[in-house]
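Spelled out, the chains give:
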Amino acid sequence: MEKANESSLIGFVLLGFSDHPRLEAVLFVFVLLFYLLTLVGNITIIIISYLDPRLHTPMYFFLGNLSFLDICFTTSLAPQTLVNLRGPEKTITYGGCVVQLYISLALGSTECILLVVMALDRYVAVCKPLHYVVIMNPRLCQQLAFISWLSGLANSLIHATFTLQLPFCGNHRLDHFICEVPALLKLACVDTTINELVLFVVSILFLLIPPALILISYGFITQAVLRLKSVEARRKAFSTCSSHFTVVIIFYGTIIYMYLQPSNSYAQDQGKFISLFYTMVTPTLNPIIYTLRNKDVKDALKKLLTGKLCFLQT
């Protein structure tokens, strides 16, 4: 028992990219840059969505939720990653690892469901435009957002707790730069077949069913858009929906590759870079994709910046 609890006392050594010491300096700058971009980009979206009355719509309500979620998700991982990349000290306490695992898993699962909700919003907007305001009323939007956050929290409580019940028998060298379920399973000194089965089932619920629903909704959206007579209306609909669809492809594509490949074909170094992409790069891309391809957001941002310049001049 004493040996089994050793990891709880010592914590974990996050090996990360220690096999590539020259690469660590480059990755430190990379993580810091994308973390700052994530903060600036997503905070900007939250501010303009709140200040501009034209953006007080269901679409931007959910986009604000997504931005807040991305800020929290990256913040739960980036500071510890920066500390480990900067110096020889690469440890994380057991409590810190537990907190990081619960929070990142909850936020990542929440985003899986929130992207489905955003696809539902686009479906109603395009396919049921005359009933959009009635269907996507503020109360329903709040309920859908609540369900997204609650489902992510429930998955984290069940899945992370189940993983942390495994005995590590003194193994505390975690071959990753964050506390993540696949890497923790490799430390267990018992058979993890049941845990891997649970991971597979959870992955189906959060990583296969949601994108399948999104694809179905976009099939209906495409049919509805093609029936529009106005070229401008078709262009605007495709522009708005393609932004969301791009986020979906990037987010689900990287995580599905990470979690749904057979354990015997799991290349650890490759997995680290995939994790680095979806934890640091994807939250940065979300605001860029939505702002560069969305005229309403660009107009609101321009209005905000113009107002600040006028205030400074006066």
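Just above, that's the structure.
As the structure is a computational prediction, the values presented were derived from the model and not from experiment.

Asker: I would appreciate a short explanation of the nonpolar core in the present structure.
Answerer: Residues Phe-12, Phe-62, Leu-115, Met-118, Leu-174, Ile-214 and Tyr-252 are the most contacted members of the largest nonpolar core, which totals 81 residues. The greatest single-element share of this core, amounting to 16 residues, is contributed by helix α5 (residues 94-127). Excluding anything up to four places from it in sequence, Ile-214 contacts Leu-115, Val-116, Ala-119, Val-248 and Tyr-252.

Asker: How should empty space enclosed by the protein be read in this particular structure?
Answerer: Enumeration over the complete set of coordinates arrives at three cavities of 30 Å³ or more. Taken as a whole, the largest cavity encloses approximately 290 Å³ of empty space. Taken together, the elements giving at least two residues each to the lining of the largest cavity come down to α5, α7 (138-164), α9 (193-226), α10 (231-259) and α11 (268-292). Residue contributions to the lining of the largest cavity peak at six residues, all from α5. Of the residues belonging to the lining of the largest cavity, the class tally is 16 nonpolar, seven polar and one charged.

Asker: Hey, could you run me through the state of the cysteines in this one?
Answerer: Think of a disulfide as a covalent bridge from one cysteine sulfur atom to another cysteine sulfur atom. Counted by the stated rule, this structure contains one disulfide. The disulfide partner of Cys-97 is Cys-179, and the S-S distance across this bridge is 2.0 Å. Where Cys-97 bonds to Cys-179 through sulfur, the torsion about that S-S bond is close to -130°, and the disulfide is left-handed. Of the two residues, Cys-97 is situated in helix α5 and Cys-179 in the loop between β3 (173-174) and α8 (181-185); the sequence distance between them amounts to 82 residues. In this structure, Cys-97 and Cys-179 share a single accessibility class: buried.

Asker: What should I look at first to understand the packing of α5 against α9 in this one?
Answerer: Angle between the axes and distance between the axes are the two parameters that describe a pair of packed helices. Where α5 meets α9, the closest approach of the two axes is 9 Å, and the angle between their N-to-C directions is 15°. Accordingly, the angle class assigned to the pair α5 and α9 is roughly parallel. The handedness of the crossing between α5 and α9 comes out as left-handed. Contact with α5, carried on its side by Ser-109, Cys-112, Ile-113, Leu-115, Val-116, Ala-119, Arg-122, Tyr-123, Val-126 and Cys-127, involves Phe-206, Leu-207, Pro-210, Leu-213, Ile-214, Ser-217, Tyr-218, Phe-220, Ile-221, Ala-224 and Val-225 of α9 and no other residues of that element. Taken together, the residues of the contact of α5 with α9 break down into 18 nonpolar, two polar and one charged.

Basis of the calculations
Residues numbered from 1 in each chain as written. Predicted model: local features only at pLDDT ≥ 70, side-chain atom pairs only at ≥ 80, totals over all residues. Heavy atoms only, no water. Core = buried A, V, L, I, M, F, W, Y, C linked by side-chain atoms within 4.5 Å. Buried < 20%, exposed > 50% of the residue type's maximum accessible area, 1.4 Å probe, protein only. Helix = DSSP H or I, 4+ residues; strand = E, 2+ residues; numbered from the N terminus. Contact = heavy atoms within 4.5 Å. 1 Å grid on protein atoms, 1.4 Å probe; cavity = no way out; pocket = protein on both sides within 12 Å on 5 of 7 lines; lining within 4 Å. Points joined across faces, edges and corners; volume = space filled by probe spheres on them. Nonpolar A, V, L, I, M, F, W, Y, C, P; charged D, E, K, R; others polar. Disulfide = S-S within 2.5 Å. Axes fitted to C-alpha atoms, helices over the stretch in contact; angles between N-to-C directions. Parallel < 35°, antiparallel > 145°, perpendicular 65-115°, else oblique. Left-handed = near helix turned anticlockwise from the far one by under 90°.

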